[in-house]
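Summary of structural features
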Amino acid sequence: MKIIRYVSYVAIALMMAMTTACGSTDKALDKALEEINKELEGQKMPGIEKMDITDVDGYIVYNYVVDEDQADINAMKESAAEQKEMVKNQVVKAPAQQAFMKLVKLTDRGLKFSYKGNKSGEGYEIVFENDEL
């Protein structure tokens, strides 16, 4: 469960960083993602080998490479529904994140949280469609 908490904290930190650079256009969204990725380059989180954020096929995607020496990707996958509810309450509905959620909605995108094991390549996604934001 520690890795779930760490991943949640990473998601919250990313969302908070985004609210400082948001606007109502794709250009503003692209700039926000660029700045966040610069900040993420040198950051390390327990249980996470690598993290970045992308804009792919109508979704803002939080990409996490999970260090499988510290976390069991299959156990994480089994609790995906529980994680989604936690992310929804702590990130999507958080008052401090409403500016970013508005930007995502205005640019007609959803959110994905993508987790992939660094050794097995196994993974899963937590998806929020635009109308869930």
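Residues numbered from 1 in each chain as written. Predicted model: local features only at pLDDT ≥ 70, side-chain atom pairs only at ≥ 80, totals over all residues. Heavy atoms only, no water.

Focus on the overall build of the protein chain
Looking only at helices and strands, the protein chain has five helices and four strands in total. Secondary structure elements of the protein chain, listed N to C terminal, follow the sequence α-α-β-β-α-α-α-β-β. Considering the protein chain as a whole, with its 133 residues, one finds that 42% of them fall into the buried category. Restricting to contacts in the protein chain with at least 6 residues of sequence separation, those with at least 24 account for 64%. Counting every atom, the protein chain has about 7,100 Å² of accessible surface; 49% of that belongs to carbon and sulfur. (Helix = DSSP H or I, 4+ residues; strand = E, 2+ residues; numbered from the N terminus. Buried < 20%, exposed > 50% of the residue type's maximum accessible area, 1.4 Å probe, protein only. Contact = heavy atoms within 4.5 Å. Areas by Shrake-Rupley, 256 points an atom, 1.4 Å probe, with all protein chains shown as cover.)

Topic: the sheet that holds strand E1 (residues 48-56)
With mixed pairing, four strands are arranged side by side in an open sheet as E1-E2-E3-E4. A single partner strand is all that each edge strand has here, and the edge strands are E1 and strand E4 (123-128). When strand polarity is set aside, the average angle formed by the axes of neighbouring strands in this sheet is 15°. For strand E2 (residues 59-66) and strand E3 (residues 110-117), the ladder comprises eight bridges, and the chain directions are parallel. Bridge pairing in E3 links Val61 to Lys112. Contacting E1 and E2, helix H2 (residues 26-40) crosses the sheet at an angle of about 170° to E1. Against the sheet, helix H5 (residues 98-106) engages E2 and E3, with an angle of about 100° to E3. (Pairing = 2+ DSSP bridges. Axes fitted to C-alpha atoms, helices over the stretch in contact; angles between N-to-C directions.)

A short note on the pattern of salt bridges
Close approach of charged atoms allows side chains with opposite charge to pair. Tallied over the full model, the rule gives eight salt bridges. A salt bridge links Glu34 to Lys31; the nearest nitrogen and oxygen atoms lie 3.9 Å apart. Residue Glu34 and its partner Lys31 are located together in helix H2, separated by three residues, close to a single helical turn. The shortest N-O distance in the salt bridge between Asp69 and Lys119 comes to 2.4 Å. Of this pair, Asp69 sits in the loop between E2 and helix H3 (73-78) while Lys119 sits in the loop between E3 and E4, placing them 50 residues apart in sequence. Salt bridges linked by common partners bring Asp26, Asp55 and Arg109 together as one network. (Salt bridge = Lys/Arg side-chain N within 4 Å of Asp/Glu carboxyl O.)

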